[in-house]
Amino acid sequence: MIQFNKENEADVKTADTLLREYLKFMQIKIAEQGSNAPIKAAPSRKVDELWHAHILSTKEYAQFCERHNNGNFIHHDPSIPDSPDRYRQTWIKYEEFFKSQPPPEIWPFPEVEEEDYSDEGGCWDPGCG
């Protein structure tokens, strides 16, 4: 779990950036609902950790879905196989939506992310979706 020291200004800035990036990811997830997108968006590890924490606050998460997704629950489905393609496609969607690259401290470049996972024994798991 991500932990921040609220007295440390750098931690506060990192937390703000992570929250902003999580909300952007959720915009992408909301936009893909009901579409026939062949590859569903996959979060970075940091975004996925925040998503997990948000879901555990079930009442607040349900209210978030109600308010931002027309009452439709945004499911977190760990059964969807993760792959480098899903993460790369999320980068493409991010750039299309927000007209910029995601910040690499939250969203490592796909090549870096893929290399990091290879170093961990070949298991690709940037997050679930």
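Residues numbered from 1 in each chain as written. Predicted model: local features only at pLDDT ≥ 70, side-chain atom pairs only at ≥ 80, totals over all residues. Heavy atoms only, no water.

Draft legend 1. Region of the structure containing the pattern of salt bridges. Scanning the model with the defined rule gives four salt bridges in all. K24 is paired through a salt bridge with E21; the nearest N and O atoms lie 3.7 Å apart. In this pair, K24 and E21 are both assigned in helix α1 (residues 9-32), three residues apart and thus about one turn of the helix distant. Its relative accessible area of 4% is what places E21 among the buried residues. K29 serves as the salt-bridge partner of E32, at 2.9 Å between the closest nitrogen and oxygen. Residue E32 and its partner K29 are located together in helix α1, separated by three residues, close to a single helical turn. Within this structure, K29, E32 and K93 form a network of salt bridges that share partners. (Salt bridge = Lys/Arg side-chain N within 4 Å of Asp/Glu carboxyl O. Helix = DSSP H or I, 4+ residues; strand = E, 2+ residues; numbered from the N terminus. Buried < 20%, exposed > 50% of the residue type's maximum accessible area, 1.4 Å probe, protein only.)

Draft legend 2. Structural detail: the confidence of the model for the protein chain. Within the protein chain, residue pLDDT values average 82, and 77% of them lie at 70 or more. Of all the helices and strands in the protein chain, helix α5 (residues 110-119) carries the lowest mean pLDDT, 60, while helix α3 (residues 58-68) carries the highest, 95. In the model, residues 117-124 has pLDDT below 50 throughout and makes 13 contacts with residues more than four positions away in sequence or in other chains. (pLDDT = per-residue confidence, 0-100. Contact = heavy atoms within 4.5 Å.)

Draft legend 3. Inspection of the packing of aromatic side chains at higher detail. Scanning the model with the defined rule gives ten aromatic pairs in all. Summarising the aromatic geometry, the rings of F25 and W107 are spaced 6.1 Å apart at their centres and angled 45° between planes, so their arrangement reads as tilted. Of this pair, F25 sits in helix α1 while W107 sits in the loop between α4 (84-98) and α5, and the two are 82 residues apart along the sequence. By relative accessible area, F25 is classed as buried at 0%. Judged by relative accessible area, W107 falls into the buried class, the value being 1%. Pairwise contacts between aromatic rings join F25, W51, Y87, Y94, F97, F98 and W107 into one cluster. Residue placement shows K24 over the ring face of F98; its charged tip is 5.1 Å from the ring centre. (Phe/Tyr/Trp six-rings, centres within 6.5 Å; stacked < 30°, edge-to-face > 60°. Lys NZ or Arg CZ within 6 Å of the ring centre and 35° of its normal.)

Draft legend 4. Summary view of the environment of Y87. Tracing the backbone shows Y87 in helix α4. For Y87, a relative accessible area of 0% puts it in the buried group. Spatially, the C-alpha atoms of Y87 and P43 are 7.0 Å apart, while their sequence positions differ by 44 residues. Side-chain polar atoms of Y87 contact the backbone oxygen of P108, separated by 2.8 Å. (Polar contact = N/O pair within 3.5 Å; in protein donor to acceptor, adjacent residues only side chain to side chain.)

Draft legend 5. Examining helix α2 (residues 45-56) more closely. Along its twelve residues, α2 runs 17 Å from first to last C-alpha, staying within 8% of the 16 Å computed at 1.5 Å per residue. Those residues of α2 that fall on the buried side of the exposure criterion are V47, D48, W51 and H54. In a view along the axis of α2, the buried residues occupy a sector of 120°, so they form one face of it. (Expected span 1.5 Å × (residues − 1). Arc of directions from axis to C-beta.)

Draft legend 6. Fine view of unusual backbone geometry. Look at N70: it is not a glycine, yet its phi comes out positive at around 50°. Here N70 lies in the loop between α3 and α4. When its relative accessible area of 73% is taken as the criterion, N70 is described as exposed.

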